[in-house]
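# Overview (structure and organization)
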There are 2 protein chains.
Amino acid sequence: MKSANENIPYKIFLSEDEMPTQYYNVRADMEKKPAPLLNPGTLKPITAEELEPIFCKELVKQELDTIHRHIDIPEEIREFYKMYRPSPLVRAYCLEEKLQTPAKIYYKFEGNNTSGSHKLNSAIAQAYYAKEQGLKGVTTETGAGQWGTALSMACAYFGLDCKVFMVKVSYEQKPFRREVMRTYGANVTPSPSETTEVGKKILAEHPGTTGSLGCAISEAVEEAVKSDGYRYVLGSVLSQVLLHQSIIGLETQSALRKYNIEPDIIIGCMGGGSNFGGLISPFMGENLRGEKNYEFIGVEPASCPSLTRGQYVYDFCDTGKVCPLAKMYTLGSGFIPSADHAGGLRYHGMSSIISELYDQGRIKPISYKQTEVFQAAEDFARCEGILPAPESSHAIRAAIDEALKCKETGEEKNIVFGLTGTGYFDMYAYQAFNDGKMTDYIPTDEEINEALKGVPQFPGNEIK
Amino acid sequence: MKSANENIPYKIFLSEDEMPTQYYNVRADMEKKPAPLLNPGTLKPITAEELEPIFCKELVKQELDTIHRHIDIPEEIREFYKMYRPSPLVRAYCLEEKLQTPAKIYYKFEGNNTSGSHKLNSAIAQAYYAKEQGLKGVTTETGAGQWGTALSMACAYFGLDCKVFMVKVSYEQKPFRREVMRTYGANVTPSPSETTEVGKKILAEHPGTTGSLGCAISEAVEEAVKSDGYRYVLGSVLSQVLLHQSIIGLETQSALRKYNIEPDIIIGCMGGGSNFGGLISPFMGENLRGEKNYEFIGVEPASCPSLTRGQYVYDFCDTGKVCPLAKMYTLGSGFIPSADHAGGLRYHGMSSIISELYDQGRIKPISYKQTEVFQAAEDFARCEGILPAPESSHAIRAAIDEALKCKETGEEKNIVFGLTGTGYFDMYAYQAFNDGKMTDYIPTDEEINEALKGVPQFPGNEIK
């Protein structure tokens, strides 16, 4: 085993007073901004007034802010962050040794909190703004359950009611997640459900569906709009979420600077893009300002390949088409991905910010099949100790492959990846892998083309 | 919410070079030593030669060493520790605020690793010595599964084979634990099993038993002795394990000193005593040397009250009576506790070191019913974020009660407790609690007296 040479510790921890006091808004440094959200009725950019019945006021402001580079993190949020942050930047000495690579691998580990992932970073911010606005509670959707757990924790902390629509396949694969949310006092409903109009409609059209994030979003939005004193909150995709998640990248940046480490490649997994966006934002800002030239790799599942195989058009954010239109790489809001075990990555679209940055050629997306991903997960677990979430393991796979390329070329690249969470609630998936029973599913072009037919039709929004 | 006043951060982290380089052996500071292990045949103190067919050579040496105060931690073990240590000492600001107590509460959190508990501290040490001895593999038992997971991780790291006998009730309540162990390459058998002679015997005598640590130990020892190149390793009770776990107390001591915090009360949960012993050892050393006068509270489940209701006699460590005799507070090796959810605390006896220290009046033991414990767990989770293991929650309950006493008296005591692990694999238990279906079981005096009849009969070993 390689010892901790070069005086870089296994885990680089910042002190609490080195933690960021402001979020970083990457949109401020983008010359060409992400396309604005559109009102689906008028096809005009949506206004704050139109968004406020759905989202908390302050969050609407953040959603629409493409100007301010830095946004203060309220003290109450910073105090909560101290309960589980700063998160460590870990040098993967053991993995490097196992791969026999000259590359140096670092990972920012966001799994050391009960939600098991980075989701808590935005959950606590969103709950805080809801509380500040005097709301009774919030509604949301959850895929793998990490966002729902995070929001439940945040709501328990601020004394808010929390209603969670959980994608049915995850509700069934991960019953324990439901109990964690209940322990934190949340109300959890499998989606699609009979409790909303949109849920009933989806069930009528697709009986036996295992659900999707797109369906669950529609139900949660409907529930928020019809309940007095409630707003809807979302765990990914939106620009406000990437803003909150910038704390991941800011801490990573500080930790690397502390030891004069210059990253070459920065890698993250992508579902809606919040972790990846949060991790890369401050580094991307340096690229955008012409100061640096980092390489960014976003990794998605081959079963739900929005960036690698989707189209860059305006689309609905949800299956029920109740949300504003967002311009993004999409597989079509009607795309219902297979019951892949990386539940948190099963979203048909991609953050507008990430989509625009990709369109500008600033991000390299790749996709992997889930068996490839679980092999990486197991290899990583056995040498680094941490049992990674299936979602996070997409980034591990890519980091390993980049490190193996360095072995070929002899390059000593610094590879940084985001390890978003732990896989304690994914043991059915690990069991399938251990038993050799895990299968891979890749949608056909026909399936994707069929789903893309649901993209709204208007001039300038044609599918290629 | 109380802010981080007095300049004490939420989490006190040591740097890697502040980590201990030696274990602390509390027996060296005990004037009256713990009673030696006895050979059950001759009733004479067991020799190294007699122990070496069961245990690794170096571990036998540590087991019998009552003289050396400090024992070097080999560099390979220290390197592994850096993957998840130093663990944070957390100031429970939110819990204090919720309780409105003038007390200051700190907890040493050992759950930030995949085994989910402190068990990894000893697992890696034991695996290291097995590897050094050139063994093929090790056998062990596990209760809640934390020790088995820890040992699987350690064995994967050193390339050792790992055979785990898992108490049947936990095997069934925690199927996911099995998959974590398998992911790390271990072989897991529910105990009692038909794979050993002692397992068959126990099953014949107690058909339908849900097992106990005592049964599983017997099976694992038998398996080790009959397999070439294998030794048995144990996750608690033994003095060597308390020695390895002293890293918890040593780090706690350094962290407190860093901020000039003088603890008044130190609290830990007790099953076999390894966490509690490890946490208190260095502080107990100060008491033993007459330098300090800390108060120590050991907390056990009312369903398995070895210290609060057991007898201090020589007893078998295992149900099958294949191990050496240990003098300890015991409920009798035939005592099979109810299917309490704190699986890791379901052991009939208590570490000889803890037993002797208690007999000297240096430790205050208390017991709680599991519903009281889960209420504390939920309260803690909702304000401190971390979802605690049922085992650890015994210490939380006691810490809360001590803090509430301070509220009555106005005393600003510094309370330190050990938060040994996370409860991600205990969601059936949380579900039972959430649904109001959790029951309490307390053994009757008759049940305990009946089990104590199994204590070996020889002069000086009478039951009172």
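Cut-offs and rules
Residues numbered from 1 in each chain as written. Chains lettered and ligands numbered in written order. Predicted model: local features only at pLDDT ≥ 70, side-chain atom pairs only at ≥ 80, totals over all residues. Heavy atoms only, no water. Helix = DSSP H or I, 4+ residues; strand = E, 2+ residues; numbered from the N terminus. Rg over C-alpha atoms; globule rule 2.2 N^0.38 Å. Buried < 20%, exposed > 50% of the residue type's maximum accessible area, 1.4 Å probe, protein only. Least-squares fit on C-alpha atoms with pLDDT ≥ 70 in both. Pairing = 2+ DSSP bridges. Axes fitted to C-alpha atoms, helices over the stretch in contact; angles between N-to-C directions. Contact = heavy atoms within 4.5 Å. pLDDT = per-residue confidence, 0-100. Buried area = accessible area lost by both parts, 1.4 Å probe. Salt bridge = Lys/Arg side-chain N within 4 Å of Asp/Glu carboxyl O. Polar contact = N/O pair within 3.5 Å; in protein donor to acceptor, adjacent residues only side chain to side chain. Nonpolar A, V, L, I, M, F, W, Y, C, P; charged D, E, K, R; others polar. Phe/Tyr/Trp six-rings, centres within 6.5 Å; stacked < 30°, edge-to-face > 60°. Lys NZ or Arg CZ within 6 Å of the ring centre and 35° of its normal. Parallel < 35°, antiparallel > 145°, perpendicular 65-115°, else oblique. Domains from an automatic or database assignment. Core = buried A, V, L, I, M, F, W, Y, C linked by side-chain atoms within 4.5 Å.

Attention now goes to the overall build of chain A. Counting its regular elements, chain A contains 18 helices and 15 strands. The C-alpha radius of gyration of chain A comes to 20 Å, within 12% of the 23 Å expected for a compact globule of 464 residues. Expressed along its principal axes, the backbone C-alpha trace of chain A runs to roughly 60 × 50 × 45 Å. Looking at chain A residue by residue over its 464 residues, the buried ones come to 69%.

Least-squares fitting of chain B to chain A yields an RMSD of 0.0 Å, with the superposition described by an axial translation of 0.0 Å and a rotation of 180°. Put plainly, the chains are arranged around a two-fold axis.

Let us now look at the sheet that holds strand β14 (residues 364-368) of chain B. Residue and element names in this part refer to chain B. Pairing within the open sheet is mixed, and its seven strands lie in the order β1-β4-β5-β15-β10-β11-β14. The two strands at the open ends of the sheet, each matched to only one other strand, are β1 (11-12) and β14. Both β1 and strand β4 (residues 89-91) contribute to a ladder of two bridges, which runs antiparallel. Looking at the pairing, I12 lines up with L89 of β4.

Residue and element names in this part refer to chain B. Ordered in space as β8-β7-β6-β9, the four strands form an open sheet in which the pairing is parallel. Of all the strands in the sheet, just β8 (187-191) and β9 (230-232) have a single pairing partner and so form its edges. The mean inter-strand angle of the sheet, taken between neighbouring strand axes irrespective of direction, is 20°. Bridging between strand β6 (residues 137-142) and β9 involves three bridges; their strand directions are parallel. Along β9, the bridge assignment pairs T139 with Y232. Strand contacts of helix α8 (residues 175-183): β6, β7 (161-167) and β8, with the helix running at about 175° to β7, the strand carrying the most contacts. Each of β6, β7, β8 and β9 is contacted by helix α10 (residues 213-226), which is oriented at about 165° to β6, the strand it contacts most.

Further remarks concern the environment of E52(B). All names here are of chain B. Positionally, E52 belongs in the loop between α1 (48-51) and α2 (57-64). The exposure class assigned to E52 is partly exposed, which follows from its relative accessible area of 22%. When the C-alpha atoms of E52 and Y347 are compared, they prove to be 24 Å apart, with 295 residues separating the residues in sequence.

On average, residues of chain A score 94 in pLDDT, and 99% of them are at 70 or above. Here residues 1-5 of chain A is a poorly scored stretch, pLDDT under 50, and it has 17 contacts once near neighbours within four places are set aside; other chains count.

With that settled, the discussion passes to the interface of chain B and chain A. Taken together, the contacts link 46 residues of chain B with 46 residues of chain A. For the chain B and chain A pair, buried surface summed over both sides reaches about 4,300 Å², with 59% attributable to carbon and sulfur atoms. Looking only at chain B, the three residues that lose the most surface to chain A are F176(B), T183(B) and Y424(B), adding up to 17% of its buried area. A salt bridge links D435(B) to R182(A), with the nearest nitrogen and oxygen atoms 2.8 Å apart. Where chain B meets chain A, there are 26 residue pairs in polar contact (both at pLDDT 80 or more). Elements that contribute at least two residues to the side of chain B that touches chain A include exactly α6 (146-158), α8, α15 (370-384) and α17 (427-434) of chain B. Per-element tally for the side of chain B that touches chain A: the top contributor is α8(B), with six residues. Looking at the side of chain B that touches chain A residue by residue, the class counts come to 24 nonpolar, nine polar and 13 charged.

Scanning the model with the defined rule gives 43 aromatic pairs over all chains in all. Their ring planes at 70° and their centres at 6.1 Å tell us that F80(A) and Y84(A) sit as a pair that is edge-to-face. On the basis of an interplanar angle of 50° and a centroid distance of 5.1 Å, the ring pair of F176(A) and F176(B) is categorised as tilted. In this pair, F176(A) sits in helix α8 (residues 175-183) while F176(B) sits in helix α8, so the two residues belong to two different chains. Residue classification places F176(B) among the buried positions, given a relative accessible area of 4%. The ring of Y312(A) carries the charged tip of K327(A) above its face, separated from the ring centre by 4.6 Å. Directly above the aromatic system of Y171(B) lies the positively charged group of R178(B), at a separation of 5.5 Å from the ring centroid.

Bringing the pattern of salt bridges into the picture now. For the structure on display, the rule yields 56 salt bridges over all chains. The partner of E197(A) in a salt bridge is K200(A), and the shortest N-O contact between them spans 3.5 Å. Residue E197(A) and its partner K200(A) are located together in helix α9 (residues 197-205), separated by three residues, close to a single helical turn. For E402(B), the salt bridge goes to K405(B), with nearest N and O atoms at 2.9 Å. Placement of both E402(B) and K405(B) in helix α16 (residues 390-409) is noted, with a separation of three residues, approximately one turn of the helix. A relative accessible area of 7% places E402(B) in the buried class. Three or more residues are tied together by salt bridges with common partners; here these are D29(A), R69(A), R289(A) and E291(A).

On to the packing of helix α15 (residues 370-384) of chain A against helix α16 (residues 390-409) of chain A, then. The geometry of a pair of packed helices is captured by two quantities: the angle between their axes and the separation between those axes. All names here are of chain A. Taken N-terminus to C-terminus, the directions of α15 and α16 make an angle of 85°; their axes are 8 Å apart at the nearest point. Taken together, α15 and α16 sit at an angle that is classed as roughly perpendicular. Residues E372, V373, F374, Q375, A376, A377 and F380 of α15 pack against P390, S393, H394, I396, R397 and I400 of α16. Its residues placed into classes, the contact of α15 with α16 shows eight nonpolar, three polar and two charged.

So, about the domain arrangement of chain A. Residue and element names in this part refer to chain A. For chain A, the assigned domains read domain 1 (11-21 + 84-116 + 240-452) and domain 2 (22-71 + 119-232). Here domain 1 and domain 2 have C-alpha centroids that lie 21 Å from each other. Counting from both sides, the interface comprises 57 residues of domain 1 and, opposite them, 59 residues of domain 2. Summing the contributions of domain 1 and of domain 2, the shared interface buries around 4,900 Å²; its carbon and sulfur component is 61%. Per-residue buried area on domain 1 facing domain 2 is highest for Q240, H244 and F425; these three make up 16% of the total on that side.

The next subject is the nonpolar core. Among the nonpolar cores identified, the biggest contains 239 residues, and I267(A), F417(A), I267(B) and F417(B) are the most heavily contacted of them. In contact with F417(B), not counting residues within four places along its chain, are I105(B), Y106(B), Y107(B), K108(B), I267(B), L279(B), F380(B), A395(B), I396(B) and A399(B).

Residue and element names in this part refer to chain A. Relative to the elements of secondary structure, E75 occurs in helix α3 (residues 75-81). Residue E75 is classed as partly exposed on the basis of its relative accessible area of 47%. Along the primary structure E75 and E179 are separated by 104 residues, whereas in three dimensions their C-alpha atoms are 30 Å apart.

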